[in-house]
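What follows is each chain in one-letter form.
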Amino acid sequence: MGIDHLQINFSESSLIIMNIVIAFVMFGVALDLQVSDFKRTLTNPKPVLIGLTAQFVLLPAMTFVLVSIVQPHPSIALGLFLVAACPGGNLSNFLTYLAKGNTPLSISMSAISTVAAIFMTPFNTMLWASMYKPTADLINSFSIGVWDMFSAILFMLAFPLALGMLVRRFFQSWALKMIGFMKKFSITVFLIFIVIMVTNNFHAFIEYIGSVLIIVVIHNASAIFIGYMAARLLRVEEVDRRAIAIETGIQNSGLGLILVFNFFDGLGGMAIVAAIWGTWHIVSGLFVAIYWSR
């Protein structure tokens, strides 16, 4: 069975739990956000606009170019399109701080990209996948509606985000105590999710991990590079360049993985791409952050 016909096994009850956990994780992310994080962009909008353009325009476009050149299996290509359409991951703020970048900018970008992802993730996934014939044919076989994906992302992102910010507003002391725990919790849960998935589908991962890992490493490095170069070409400060580069290279692949199981029946190539992306970007992000911190 080829990777395009491989279905990653994950029980329905486990999937329901993971949907709830992702919403809970987004609630934890929102505990670190305030209205001022959105207002900050009004005083200095240029770095944020560059970052969001890199996130939602340049990264998906670069992914299309990469896929057109490498021509991986359609399910792998679709996985790359999906990950590229996801918002920044919740590790980006910590990594930006470690890299001596502009942490407030990173927080603002995370907040806005998470809200924008409610619309941009389904839009970008469908748009770019429809422009590449192998993935267009694959998407048509699932009969996926943009509205269905939008509704799911609304549940997993918007509602927990709004609730978390309300809790931060009215129960600030409790929220501040919970922020550190929630970040550790989100990473732990994601890794447990990956371990369970790999264990249940060990032979499939062993068979395809080599070919997928190479393209994921290239994809992730390209994401960091285009974020940094876009900021550099438009002449923002070095601390802003680092924040934009990390924000572009750290994707919420946990959200992508959930979407794979909710809408693509655990399609093998997509699931493996999202799982490897979610693990690898921690390694690459730490490497870049430590390098810059020195």
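Residues numbered from 1 in each chain as written. Predicted model: local features only at pLDDT ≥ 70, side-chain atom pairs only at ≥ 80, totals over all residues. Heavy atoms only, no water.

### Some words on the overall build of the protein
The number of helices and strands found in the protein is 13 helices and 0 strands. Put simply, the protein runs from its N terminus to its C terminus through helices and strands in the order α-α-α-α-α-α-α-α-α-α-α-α-α. The buried share among the 294 residues of the protein stands at 57%. By sequence separation, contacts in the protein at least 24 residues apart represent 87% of the contacts at least 6 residues apart. Of the roughly 13,100 Å² of accessible surface on the protein, a fraction of 70% belongs to carbon and sulfur atoms. (Helix = DSSP H or I, 4+ residues; strand = E, 2+ residues; numbered from the N terminus. Buried < 20%, exposed > 50% of the residue type's maximum accessible area, 1.4 Å probe, protein only. Contact = heavy atoms within 4.5 Å. Areas by Shrake-Rupley, 256 points an atom, 1.4 Å probe, with all protein chains shown as cover.)

### Here we look at the nonpolar core
Judged by nonpolar contacts, the single largest core of 73 residues is most densely connected at V212, L259 and V273. Core analysis: the second largest hydrophobic core is formed by 11 residues, L91, Y228, I246 and A289 among them. (Core = buried A, V, L, I, M, F, W, Y, C linked by side-chain atoms within 4.5 Å.)

### Re the side chain of T63
Along the polypeptide, T63 turns up in helix α3 (residues 45–70). Among the residues examined, T63 registers a relative accessible area of 0% and is labelled buried. If near-sequence neighbours (up to four positions away) are discounted, T63 is found in contact with L80, F81, A84 and H219.

### A look at the pattern of salt bridges
Any two side chains of opposite charge can pair if their charged atoms end up close together. Per the stated rule, a full pass over the model turns up 3 salt bridges. Measuring nitrogen to oxygen at the nearest pair gives 3.3 Å for the salt bridge that ties E238 to R241. Taken together, the residues E238 and R241, both in helix α11 (residues 238–249) and 3 residues apart, mark about one turn of the helix. In this structure, E238 and R242 form a salt bridge, with 3.0 Å as the shortest nitrogen-oxygen distance. In this pair, E238 and R242 both sit in helix α11, 4 residues apart, roughly one turn of the helix. (Salt bridge = Lys/Arg side-chain N within 4 Å of Asp/Glu carboxyl O.)

### As for the packing of helix α6 (residues 103–130) against α11
Where α6 meets α11, the closest approach of the two axes is 9 Å, and the angle between their N-to-C directions is 35 degrees. The interaxial crossing formed by α6 with α11 has right-handed handedness. Residues L105, S106, M109, S110 and S113 of α6 form the contact with α11, whose own contacting residues are D240, A243, I244 and E247. (Axes fitted to C-alpha atoms, helices over the stretch in contact; angles between N-to-C directions. Left-handed = near helix turned anticlockwise from the far one by under 90°.)

### So, helix α13 (residues 268–293)
A rise of 1.5 Å per residue sets the reference length of α13, with its 26 residues, at 38 Å; its end C-alpha atoms lie 37 Å apart and thus fit the reference within 8%. Of all bends in α13, the biggest is about 25 degrees, found at W280. (Expected span 1.5 Å × (residues − 1). Bend = angle between axes of the 7 residues up to and from the residue.)

### Digging into the environment of M131
Structurally, M131 can be placed in the loop between α6 and α7 (133–140). Note: C-alpha distance between M131 and F64 (67 residues apart in sequence) is 8.4 Å.

### Regarding unusual backbone geometry
Unusually for a residue other than glycine, Q71 sits at a positive phi of about 55 degrees. Within the element layout of this structure, Q71 appears in the loop between α3 and α4 (74–85). Residue Q71 is classed as exposed on the basis of its relative accessible area of 56%.

### Points about α7
Residue pairs spaced three or four apart in an α-helix point in one direction, given the helix's 3.6 residues per turn. All buried positions along α7 are accounted for by T135, A136, L138 and I139. All buried residues of α7 project into a common sector of 160 degrees when viewed along the axis, lining one side. Counted as exposed and oriented over 90 degrees from the buried face of α7: K133 and N140. Packing partners of the buried residues in α7 comprise α4 and α6. (Arc of directions from axis to C-beta.)

### Observations regarding the environment of A129
In this fold, A129 is placed in helix α6. Judged by its relative accessible area of 0%, A129 is buried. Through-space distance from the C-alpha of A129 to that of F81 is 6.5 Å; in sequence the pair is 48 residues apart.

### Observations concerning the packing of helix α12 (residues 253–263) against α13
At a minimum axis separation of 9 Å, α12 and α13 run at an interaxial angle of 165 degrees. Comparing their axes, α13 and α12 come out roughly antiparallel. Seen along the crossing, α12 lies across α13 with a hand that is left-handed. Together, S253, G256, L257 and V260 of α12 and M270, A271, A274, A275, W277, G278 and H281 of α13 make up the contact between the two elements. (Parallel < 35°, antiparallel > 145°, perpendicular 65-115°, else oblique.)

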